[in-house]
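Below are the chains, spelled out letter by letter.
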Amino acid sequence: MAPAARAAARPQYGGVLRVELRAASANLNPVKWKAGSGEFAANSRIAELLFDRLVVLDNYGRFQPQLATEWSHDVAAKRWQFTLRQGVKFSDGTLLTAGEVAAALRPLLPREMQVAAAGGGITIQSAMPAVDLLEVLALGPYFVYKDNGNGVLRGTGPFVLESISVSARDTDKTGADGAPAQTQRLRFRFNENCWNGRPYLDAIEVTLGVPPLKALLDLQLGKTDLGELSLETAKRAQQTNLKCWISAPLTLYALKFSGDGKSESEQRLRDAISLSVDRLAMARVLLQKQAEAAGSFLPQWLSGYAFLFDSESNLERAKELRKTMAAGALGAVEPLRIAVDANNELSKLIAERVVVDARAAGLTLQTVKGTTRAVSESVGAKSDGDVQLVAWRYTSLSPRSTLGSLANAARSQSAGGEMSGDADARYAWEKRMMEQKNLLPLVAVPDFAAVDARVRNWSPAPWGEWRLADVWLEQGEVLNPTRDAVGKASVGARP
Amino acid sequence: MPVAARPDALDEGVGRLARKAVALPHERRMSLLWTNHAALQEQRVERLRAVFAAELEAAQVRFVQGETAPALRVTIEQTPTQIVITATIPAEGSTSVAIEEVARAITGIDPVSGNTVRLEKELLWQQEGKILSAALLPAGANGGKRLAVLMEEALLIYGGGAGNWNLEKTKVLPGPRQSPRSARGQLIVAGESDDRVGVLLPGRRCEASVADESAVACGNVTTDLPTGRLMALPSCGKQTWWLKSDGVDWTEEDRLLLRNAGAGRDVTAIAELGMPGPVISISAADNGGSATVVVRDLGSGNYEVYRVALACGD
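Predicted, not measured: the structure shown is a model, and the values here were computed from it.

Conventions used here
- Residues numbered from 1 in each chain as written.
- Chains lettered and ligands numbered in written order.
- Predicted model: local features only at pLDDT ≥ 70, side-chain atom pairs only at ≥ 80, totals over all residues.
- Helix = DSSP H or I, 4+ residues; strand = E, 2+ residues; numbered from the N terminus.
- Buried ≥ 20, exposed ≤ 12 C-beta atoms within 10 Å, placed from the backbone.
- Contact = placed C-beta atoms within 7 Å.
- Pairing = 2+ DSSP bridges.
- Axes fitted to C-alpha atoms, helices over the stretch in contact; angles between N-to-C directions.
- Core = buried A, V, L, I, M, F, W, Y, C linked by C-beta atoms within 7 Å.
- Parallel < 35°, antiparallel > 145°, perpendicular 65-115°, else oblique.
- Left-handed = near helix turned anticlockwise from the far one by under 90°.
- Nonpolar A, V, L, I, M, F, W, Y, C, P; charged D, E, K, R; others polar.
- pLDDT = per-residue confidence, 0-100.
- Expected span 1.5 Å × (residues − 1).
- Arc of directions from axis to C-beta.

### As for the overall build of chain B
Argument step 1. When its secondary structure is counted, chain B shows three helices and 21 strands.
Argument step 2. Classification of the 314 residues of chain B by burial places 39% in the buried group.
Argument step 3. When contacts within chain B are restricted to residue pairs at least 6 apart in sequence, long-range pairs at least 24 apart make up 52% of them.

### Quick notes on the overall build of chain A
Argument step 1. Along the backbone of chain A there are 15 helices and 21 strands.
Argument step 2. Burial status across chain A gives 50% buried among its 495 residues.
Argument step 3. In chain A, 69% of the contacts between residues at least 6 apart in sequence involve partners at least 24 apart.

### Structural notes on the sheet that holds strand β5 (residues 94–103) of chain B
Argument step 1. Ordered in space as β2-β1-β3-β4-β5 (chain B), the five strands form an open sheet in which the pairing is mixed. The strands lining the two open edges of the sheet, one partner per strand, are β2 (62–63) and β5 of chain B.
Argument step 2. With two bridges joining them, strand β1 (residues 29–36) of chain B and β2(B) adopt parallel strand pairing. When the bridges of β2(B) are listed, B:Arg29 appears paired with B:Arg62.
Argument step 3. Packing of helix α14 (residues 423–436) of chain A onto the sheet brings it into contact with β4 (82–91) and β5 of chain B, and relative to β5(B) it is tilted by some 130°.

### Regarding the nonpolar core
Argument step 1. In terms of nonpolar packing, the biggest core is built from 161 residues, with A:Ile338, A:Leu442 and A:Val443 touching the most fellow members.
Argument step 2. The contact partners of A:Val443, leaving out residues within four places of it in the chain, are A:Tyr253, A:Arg279, A:Met282, A:Ala283, A:Leu287, A:Ala291, A:Glu292, A:Ala293, A:Ala294 and A:Ile350.
Argument step 3. The next biggest cluster of nonpolar side chains, apart from the first, holds 54 residues, and it includes B:Leu200, B:Leu257, B:Val294 and B:Val295.

### Quick look at unusual backbone geometry
Keep in mind that most residues, glycine aside, have a negative phi and that most peptide bonds are trans.
Residues and elements named next belong to chain A.
Argument step 1. We note that Ala-77 has phi near 60°; this positive angle belongs to a residue other than glycine.
Argument step 2. You can see Ala-77 is positioned in the loop between β4 (68–73) and β5 (79–84).
Argument step 3. C-beta crowding within 10 Å serves as the criterion here: with 15 such atoms nearby, Ala-77 is assigned to the partly exposed category.

### Remarks on the environment of A:Ser247
Residue and element names in this part refer to chain A.
Argument step 1. Positionally, Ser-247 belongs in strand β14 (residues 243–257).
Argument step 2. We classify Ser-247 as buried; it has 21 C-beta atoms within 10 Å.
Argument step 3. Between the C-alpha atoms of Ser-247 and Phe-448, which are 201 residues apart in sequence, the distance is 6.7 Å.
Argument step 4. Residue contacts for Ser-247: discarding those within four places in its chain leaves Pro-446, Asp-447, Pro-462 and Gly-464.

### Considerations on the sheet that holds strand β10 (residues 166–172) of chain B
Residues and elements named next belong to chain B.
Argument step 1. Strand order in the open sheet formed by four strands is β7-β8-β9-β10, and the pairing between neighbours is antiparallel. If you trace the sheet from one side to the other, it starts and ends with β7 (133–137) and β10, each paired once. Sheet twist, expressed as the average angle between the axes of neighbouring strands with direction ignored, equals 20°.

### Re the packing of helix α7 (residues 264–276) of chain A against helix α10 (residues 315–323) of chain A
For any two helices packed against each other, the geometry is given by the interaxial angle and the distance between the axes.
All names here are of chain A.
Argument step 1. It is the contact of α7 with α10, at a shortest axis distance of 8 Å, that shows an interaxial angle of 155°. Relative to α10, the element α7 lies roughly antiparallel. The handedness of the crossing between α7 and α10 is left-handed. Judged by residue contacts, Arg-268, Asp-271, Ala-272, Leu-275 and Ser-276 of α7 engage Leu-315, Arg-317, Ala-318, Leu-321 and Arg-322 from α10.
Argument step 2. Within the contact of α7 with α10, the residues separate by chemical class into five nonpolar, one polar and four charged.

### Digging into the environment of A:Trp80
All names here are of chain A.
Argument step 1. By secondary structure assignment, the location of Trp-80 is in strand β5.
Argument step 2. Between the C-alpha atom of Trp-80 and that of Ser-126, which follows or precedes it by 46 residues, the distance is 8.3 Å.
Argument step 3. When near neighbours in sequence (up to four residues on either side) are disregarded, Trp-80 contacts Trp-71, His-73, Thr-123, Ile-124, Ala-130 and Leu-133.

### Quick notes on the environment of B:Glu252
Argument step 1. By the secondary structure assignment, B:Glu252 is in the loop between β16 (241–245) and β17 (255–260).
Argument step 2. Sequence separation of B:Glu252 and B:Pro276 is 24 residues, and the distance between their C-alpha atoms is 8.8 Å.

### Quick notes on the confidence of the model for chain A
All names here are of chain A.
Argument step 1. Per-residue confidence for chain A gives a mean pLDDT of 85, with 86% of residues at or over 70.
Argument step 2. Counted against residues more than four places away or in other chains, residues 378–382, with its pLDDT under 50, gives seven contacts.
Argument step 3. Predicted confidence for residues 478–495 stays below pLDDT 50, and this span has 34 contacts to residues more than four positions away or in other chains.

### Remarks on helix α2 (residues 42–58) of chain B
Residues and elements named next belong to chain B.
Argument step 1. A rise of 1.5 Å per residue sets the reference length of α2, with its 17 residues, at 24 Å; its end C-alpha atoms lie 24 Å apart and thus fit the reference within 8%.
Argument step 2. Where α2 is concerned, the buried positions are Leu-48, Phe-52 and Leu-56. Buried residues along α2 cover an arc of 70° about the axis, so they all sit on one side. Opposite the buried face of α2, by more than 90 degrees, sit the exposed residues Gln-43, Ala-50, Ala-54, Glu-57 and Ala-58.

### Concerning the packing of helix α13 (residues 399–409) of chain A against α14(A)
Residues and elements named next belong to chain A.
Argument step 1. Interaxial distance between α13 and α14 falls to 11 Å at its minimum, and their mutual angle equals 20°. Relative to α14, the element α13 lies roughly parallel. Crossing geometry of α13 relative to α14 is assigned as left-handed. Seen from α13, the contacting residues are Pro-399, Arg-400, Leu-403 and Ala-407; seen from α14, they are Arg-426, Trp-429, Glu-430 and Met-433.
Argument step 2. Counted by class, the contact of α13 with α14 contains five nonpolar, no polar and three charged residues.

Structural data, given as structure tokens:
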């Protein structure tokens, strides 16, 4: 018995991992990804299968070599040198060169950084000290790939894109949820040229455009192995014996004001709304303890100092501010319109709660049908309302880079010039940005997923990487945990 | 390209933070409140506190105990790459903030190969009648597991195992009955080979033997009912954790949270597990790495008993 149990615990090669994602489509070209956008997660998770980075971050705070084997920087941290791993091949069998690495990173890096091939490595020269360059490179779009000119991107990663197919979505009870009528299916097979060795899996099949409820049902019926869930479906999955995963809070929901906020009355209105919103109740009750109240732009897991910002409501102070508002001011009698994506249930819930909280302070807010956009997408776009409920996806491990991107997107340029990598300066910068109230953080919500019991060695990062290359599948007969739990429950009742 | 650990890097960071604090406006007489939310051993935190206090005391700051003095708060947090140490320094009604970061990779605080701790649950029992507490007991003389279920009027002992529990003994609780609305109780299991079970009731402590038919004996004692269980599992390392529920309202579904022993309630849990309703009690189970948890399932209204166990690695 013991030897069999040991053998079963060893990784096994083979099998096809079936993955269901919510995103309707994927774009594998990192140049096209927009910072902070919701699609970033799905794109990045798929790109992880095909492409490698220079470095990755492990769960213990250590940068681990991938395509770069060594790195160093000058005293000012402006000039970084990376030595590349020798003998790495693209999936088409050609050798990876320093020139190709530089060409891949050039359009992805911020403008103040210049990348150049140098011997067996690359050099990144930054106009500003870049002490956090490894944090920047270890997440986000910074993948290394080669464009053959035909639009097909080749990588050095553990899998190769084998096929793309489109099919009509199953018509079932989950059909009326605004999901696309078609599903896209991507099939990846193992890359025999991978420098890191062949992955355990033979292939991964990714189905896109799967609503969370269908993903949960498919998991319960054994039709998929890994499914992306929503807050509601994750709660249901947790009540079964499915193995559930909840990331760190990765998506910030915030109110973005259309006006410039320079007039005193506008500032007063924003202050009153901010003070009226009960973020803690929103996170705890509305979002069922699965979200984090956001009193700042950076979440606690990323900055380590978010607790310094006050996220508690102060209804009395909000009422006082309301009393000082002119009778004809927007938000007094004439409602302030919050544009909300009618297809996004979570956005609607959050916006409705904001309206209710604001009403308690005597403010008049009204939700209107609009589009939930990433903060970056809403810049320059015609506004659907006076305020938009926007979502921001955290896609960098660098607090400085994240804050900079968010400030640009939220038009907070006046937060004080270039931000240094110093934590004190970053905190002061974020504080000034908060005071402008162009963007009012509300809550940060994690990603949810669940896996079948036969999926082994799955250790996703709290910051959202799924790391499927190390996953293997238990090949023997495994009881479906949900069905097993049901069975136990029925036999457990009253002997 | 792994970075060599420098064990004194955190001490240096705390030293820098202390010097920043001294340079900012500050009171001369303060209390020092120190909170650790990072994966640092208590001994190391104590050493850092001593380094910090020594720097400030050298600058004529006097630390006092008690609530009358304004508090200088130091908080240690952990991000994916950094240990972030924050000081909020009081000065005449306002506060200043100083922050220092030290790369986790050079602090050497993380294990070279760590196991991810998680919680797993297994449904043992469910019934309509109210369960105050339950405990999965170590194997008896016949080798089978036993489940002790505390109800308002009696302690029931089941034998057998998962899916096949048989009622073996009913031990009536002597003395006054509790009001059904507010009935509370907790089972206490002293040792892994002990056949005795303690029953904590409001104002009373009772002892029951699960090996024989003897009556339950109770005495008056005022003891708070425990709210969690301290857990450890050799395969998860030498660390100990508290398993507690985050619930405050019996109309909501609770989560079980696992936190490092010694960490406060506001410390991020290292593992959590959703339960189908409010957690009624958390008691001992068959080993130090598991607990018996009673939950009222909000969906069915039934009382359910789960074995919740620590698990590490794959």
